[in-house]
Amino acid sequence: MYVFLIRRVLAAIPVVVVVTIFVFALLHLAPGDPAAIIAGDLATAEDVAKIRAKLGLDQPLMIQFFTWAGQLLRGDLGNSIFSAHPVSQLIGQRLEPTLTLTVMTLFISILLAVPLGVIAAWRVGSWIDRGVMGFAVFGFSVPGFVIGYVLIWVFAIELDWLPVQGYTPLAKGFWPWLSNIILPSVTLALAYMALIARITRAAMLETLSQDYIRTAHAKGLATPHVLLRHALHNAAVPIVTVIGIGVALLIGGVVVTESVFAIPGLGRLTVDAILRRDYPVIQGIILVFSGAYVLVNLIVDMLYTVLDPRIRY
Amino acid sequence: MTPPVLAVSGLRTHFFTRDGVVKAVDGVSLSLARGETLGLVGESGCGKSITALSILRLVPSPPGRIVEGSVRFDGTELLDLEPAAMRAIRGNRISMIFQEPMTSLNPVMTVGRQIAETVALHQQLPRRAAMDRAIEMLALVKIPDTRRRAAEYPHQLSGGMRQRVMIAIAMACTPTILIADEPTTALDVTIQAQILDLMLEMKERTGAAVMLITHDLGVIAETAQRVVVMYAGRKVEEASTRDLFARPRHPYTRGLMTSIPRLNRDADESARATRLTEIPGMVPALINLAPGCTYAPRCAYATGQCRIAFPPEVEAAPGHLVACWNAESLPEMERA
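No experiment lies behind these values; they were computed from the predicted model shown. (Residues numbered from 1 in each chain as written. Chains lettered and ligands numbered in written order. Predicted model: local features only at pLDDT ≥ 70, side-chain atom pairs only at ≥ 80, totals over all residues.)

A few points about the overall build of chain B
Working step 1: What chain B contains, in helices and strands, is 11 helices and 12 strands.
Working step 2: For 336 residues, the compact-globule estimate of 2.2 N^0.38 gives 20 Å, and the C-alpha radius of gyration of chain B, at 21 Å, lies within 12% of that figure.
Working step 3: Dimensions of chain B, computed from the C-alpha atoms along their principal axes, are close to 65 × 55 × 45 Å.
Working step 4: Counting all 336 residues of chain B, 47% fall into the buried class.
Working step 5: Of the contacts formed within chain B by residues at least 6 apart in sequence, a portion of 65% connects residues at least 24 apart. (Helix = DSSP H or I, 4+ residues; strand = E, 2+ residues; numbered from the N terminus. Rg over C-alpha atoms; globule rule 2.2 N^0.38 Å. Buried ≥ 20, exposed ≤ 12 C-beta atoms within 10 Å, placed from the backbone. Contact = placed C-beta atoms within 7 Å.)

Here is the structure:
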C-alpha cells in the first residue's frame, strides 16, 4: 500500500512537469504582450522594449522557462508582472473563497444527488425516477451563469433572503460567510448533482439486479438496509470515480461562477491574469490546479481499496 | 397424520411483460411435512425456482406477481402477511440457498459479517455475539481456520467454500424450512457430493424440512423422500421417491429418467452403448400457451384429448398423483 502511494506520488511528478511545459509554451506562443499592456496606449516602442527587458521577456523562451523552473524548484512561484506581489501570496489570498465554494458545492451535490439516485434506481420507472432524470437533464442543459442569475433574482432581489454577491471570510462569522456562499454553491452544484445522480442511479440499477441483493432480501433484511449497506456499497466505485472527475470539472466551473457572484477567488484571479498576460500568475495557478487534481485522483484511488476489497495495488 | 409445515395450493405466479403474460407458475400445489426432504424436479424454466421464490415472496415485482393461491406456513397464510412480518420469517424460519455461490454473496462484505448480519437481525444479538455465532456456524459447515476465514471476502474463497458459507447463512437461525435451489449445480462434481452431505447433515442436526430444487434425478434419488415433478409451470407428477422411480406414471417423468446417462458395468455392452434417449423438442415458452396439456407437443403418447384440455390431477395410487390423460394406458417402461 505504502509502496503504491509512493509510486503514485512519484508518477505524478512527470505529469506536473509536462503540464508546466505545455502551459508555459502555450502562454508564450499565444499573441499578446504584457509589456505593451503595462506601457499603455501612449507608449513608444522603446518604452515597451525597456519594460520587456526589465521583465526578462526579451530572453529566448528556453532561458525564460529554465529561469522560472529554477525558481520553482526553490519553492518560489515568482512575482506578478503587474503588482509585483509574490504569486504564492496572491494565490494564498484567493484560496479560501475558492476552497469554500468547491467544498460546499461537493457537499451539497453529494448530499442530495446520491440519495436521489438511490431512490430513482429503487423505484425505477416511477414518477420519482422520471422526476430525478428530468431534473438531471435540466441541470446539464442550463448553463451555470443562467441559473446563477435566476437564483440571484429570486432569492436575493425578490425575496431578499441572501446577499446578491460578494464574499465574507469565515473569520468574520459563520452566517455572513454561509449566506454569501449558498447561491454560488447551489448554482455550481446543479450541474454536478445531475451528473452524480445519473451515475448513482445507473450503478445502483446494475447492483440491484445482482444475485447477492436477492440473498440479502432472503435473509429478511429491510429495504433501506439492503439499499444502503448492500447495494450502495457495491455501487460506490463508479460513483466515487465520477465525483473525482467532477472535482476537475468544478475547477472550470468555479471561474464562471466566481465572475457571476463577484467572489474574489482563484477563478477571478485566473481570468484577470489571463486578460493581462500575467505569465507568472497564470503558471502558478495552473500548477496549483494540476497539483490539486493529482491529489484528488490519488484520494479516489485510495478510496477504491477501501470500498472494494477486490481492488488491491 | 400431522398437518404439513408448508402447504402451497393453487399457486399462480405470472410475469406481466410487454410481450404478454408469462405464466411461470400456473396452479401448483405441494406440501412439505416437518423434517421431510421434498425434491422439486424439472427442466430449466419449468417454474421450480419461481415456486420457491413465491413461497418467500421474493418474486421480482414488477413484472412478477403472485396472482392466486395460498402459501400456509405453520398455520399462517404467508401471502397475507405484512411486509415486516414476512421479513421476520425470511432467513429465520424459512431460509434459502441459491444456485450460484459465485454471485450470491456480497463481494464487499466479509463472510463473517454476512452470516452475523442474519443472526443479529433475527435473534437481536449484539454485534460481538452475532460474530461469535457466525464463527461457530463456519465451523459447523466444516470451514477450517474459522477466525481467519470469517474476516475474508467471498473472492478469497473457492466455489465450494462459498456454498458452505451460504449454507451457514441459511442455517444460522435454525430454520424450520430450508429451500435449496440447485445448490450443487454450479459446483465441481467432486464438491457436489460434499455439499449435499453437508446440507443433509445440517438438516439432521436441526430437524429442518428441506425443499430441494434440482434437475438432477440422481440427487433426488439419494436425498429426497418425496418428489414433485414440474413441467411448464405445472405439477405433472408427485409421489414418494421409491414409487416414482419404481413406476413413473407421467410420460415426462419417464422422459427425464431415460435421459440420464448410465455407466454400464458390462464393458461389451458399453461398447455398443445405445444413444441416450432425449425428450424431443423444447420446454415451451410460457407465453400464450395453447389449451391442453403443455407437454402434449413433445409427448409420444399424446392423443386428441391431450390437445383440448389440461388433464386433472388423479391419485393413481396412494400418495401418487399424476396429471396425464393416458397415465393408465401407458406401456411398461423399458429399463436400461
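Let us keep going from here.
Observations regarding the overall build of chain A
Working step 1: Helix and strand counts for chain A come out as 12 helices and 0 strands.
Working step 2: Along the chain direction, N to C, the helices and strands of chain A fall in the order α-α-α-α-α-α-α-α-α-α-α-α.
Working step 3: Dimensions of chain A, computed from C-alpha atoms along their principal axes, come out at roughly 85 × 55 × 35 Å.
Working step 4: For chain A, with 313 residues in total, the buried portion stands at 33%.
Working step 5: If you take every contact in chain A between residues at least 6 apart in sequence, the share linking residues at least 24 apart comes to 70%.

Regarding the environment of Val3 of chain A
Working step 1: Relative to the helices and strands, Val3 of chain A is located in helix α1 (residues 2–29).
Working step 2: Separated by 281 residues in the primary sequence, Val3 of chain A and Gly284 of chain A have C-alpha atoms spaced 30 Å apart.

Here we look at the domain arrangement of chain A
Residue and element names in this part refer to chain A.
Working step 1: We note that the domain assignment places domain 1 (2–73) and domain 2 (93–307) within chain A.
Working step 2: Taken over C-alpha atoms, the centre of domain 1 sits 33 Å from the centre of domain 2.
Working step 3: Across the contact, 14 residues belong to domain 1 and 13 residues belong to domain 2.
Working step 4: Broken down by element, the residue count for the side of domain 1 that touches domain 2 peaks at 9 residues, all from α1.
Working step 5: Taken together, the residues that form the side of domain 1 that touches domain 2 break down as 10 nonpolar, 2 polar and 2 charged. (Domains from an automatic or database assignment. Nonpolar A, V, L, I, M, F, W, Y, C, P; charged D, E, K, R; others polar.)

A word on the interface of chain B and chain A
Reports of interface size often rely on the accessible area that becomes lost once the parts have come together.
Working step 1: Facing 24 residues of chain B, the contacting portion of chain A comprises 18 residues.
Working step 2: No other element matches the 4 residues that helix α3 (residues 111–123) of chain B contributes to the side of chain B that touches chain A.
Working step 3: Looking at the side of chain B that touches chain A, its residues break down into 11 nonpolar, 9 polar and 4 charged.

Quick look at the confidence of the model for chain B
Working step 1: When the pLDDT values of chain B are averaged, the result is 84; 92% of them are 70 or greater.
Working step 2: Here the prediction assigns the complex a pTM of 0.82, and the interface score ipTM is 0.85. (pLDDT = per-residue confidence, 0-100.)

With respect to the sheet that holds strand β10 (residues 234–240) of chain B
All names here are of chain B.
Working step 1: The 8 strands lie next to each other as β6-β7-β8-β3-β9-β10-β12-β11, forming an open sheet whose pairing is mixed. A strand with exactly one partner marks an edge of an open sheet, and here the two such strands are β6 (94–97) and β11 (314–317). This sheet shows a mean twist of 20° between the axes of neighbouring strands, independent of strand direction.
Working step 2: Here strand β7 (residues 177–181) pairs with strand β8 (residues 209–214) via 5 bridges, running parallel. Looking at the pairing, Asp181 lines up with Ile213 of β8. (Pairing = 2+ DSSP bridges. Axes fitted to C-alpha atoms, helices over the stretch in contact; angles between N-to-C directions.)

Let's talk about the sheet that holds strand β5 (residues 76–77) of chain B
All names here are of chain B.
Working step 1: Pairing within the open sheet is antiparallel, and its 4 strands lie in the order β2-β1-β4-β5. Both edges of this open sheet fall to β2 (20–32) and β5, since each of them pairs with a single strand only.
Working step 2: Where strand β4 (residues 64–73) and β5 come together, 2 bridges link them in antiparallel fashion. Bridge pairing in β5 links Arg72 to Glu77.

Remarks on the domain arrangement of chain B
Residues and elements named next belong to chain B.
Working step 1: By the assigned domains, chain B splits into domain 1 (1–93 + 174–336) and domain 2 (107–172).
Working step 2: Distance between the C-alpha centres of domain 1 and domain 2: 30 Å.
Working step 3: Taken together, the contact pairs 15 residues of domain 1 with 11 residues of domain 2.
Working step 4: Counting residues per element, the side of domain 1 that touches domain 2 draws most heavily on helix α7 (residues 189–206), which supplies 7 residues.
Working step 5: Looking at side-chain class alone, the side of domain 1 that touches domain 2 contains 10 nonpolar, 5 polar and no charged residues.

Brief notes about α1 of chain A
Working step 1: With 28 residues, α1 of chain A ought to run about 40 Å at 1.5 Å a step, and its terminal C-alpha atoms sit 41 Å apart, in line with that.
Working step 2: Buried residues are scarce in α1 of chain A, accounting for 0 of its 28 residues. (Expected span 1.5 Å × (residues − 1).)

Quick notes on the packing of helix α5 (residues 87–122) of chain A against helix α12 (residues 279–307) of chain A
Geometry of a packed helix pair, given as the angle between the helix axes and the separation of the axes.
Residue and element names in this part refer to chain A.
Working step 1: Two elements in contact, α5 and α12, have axes separated by 9 Å at closest approach and are oriented at 55°. Between α5 and α12, the angle is such that the two are oblique. Considering only the axes of α5 and α12, their crossing is right-handed. Contacts between α5 and α12 pair Val87, Leu90 and Ile91 from the former with Pro280, Val281, Gly284, Ile285 and Val288 from the latter.
Working step 2: A per-class count over the contact of α5 with α12 returns 7 nonpolar, 1 polar and no charged. (Parallel < 35°, antiparallel > 145°, perpendicular 65-115°, else oblique. Left-handed = near helix turned anticlockwise from the far one by under 90°.)

Remarks on the pairing of β11 of chain B
All names here are of chain B.
Working step 1: In this sheet, strand β12 (residues 320–322) lies alongside β11 in antiparallel orientation, the contact comprising 3 bridges. Directly across from Ala317, in β12, lies its bridge partner His320.
Working step 2: Hairpin connection between β11 and β12: a loop of 2 residues separates the two successive antiparallel strands, and Gly319 in this loop has a positive phi of roughly 75°.

Here we look at helix α1 (residues 48–55) of chain B
Working step 1: When you tally the buried positions in α1 of chain B, you get 8 out of 8 residues, the bulk of the element.
Working step 2: What α1 of chain B keeps buried is the set Lys48, Ser49, Ile50, Thr51, Ala52, Leu53, Ser54 and Ile55 of chain B.

Quick look at the packing of α5 of chain A against helix α6 (residues 127–141) of chain A
Residues and elements named next belong to chain A.
Working step 1: The N-to-C vectors of α5 and α6 enclose an angle of 135°; their axes lie 8 Å apart at closest approach. On the basis of the axis angle, α5 is oblique to α6. Considering only the axes of α5 and α6, their crossing is left-handed. Contact residues: α5 offers Leu116, Ile119 and Ala120, while α6 offers Ile128, Asp129, Val132 and Met133.
Working step 2: Tallied by class, residues from the contact of α5 with α6 come to 6 nonpolar, no polar and 1 charged.

Quick look at the pairing of β6 of chain B
All names here are of chain B.
Working step 1: Covered by surrounding structure in β6 are Ile94 and Met96 together with Ser95 and Ile97, the residues of both alternating faces.
Working step 2: Pairing of β6 with β7 involves 4 bridges; the strand directions are parallel. Within β7, the position partnered with Ser95 by the bridge is Leu178.

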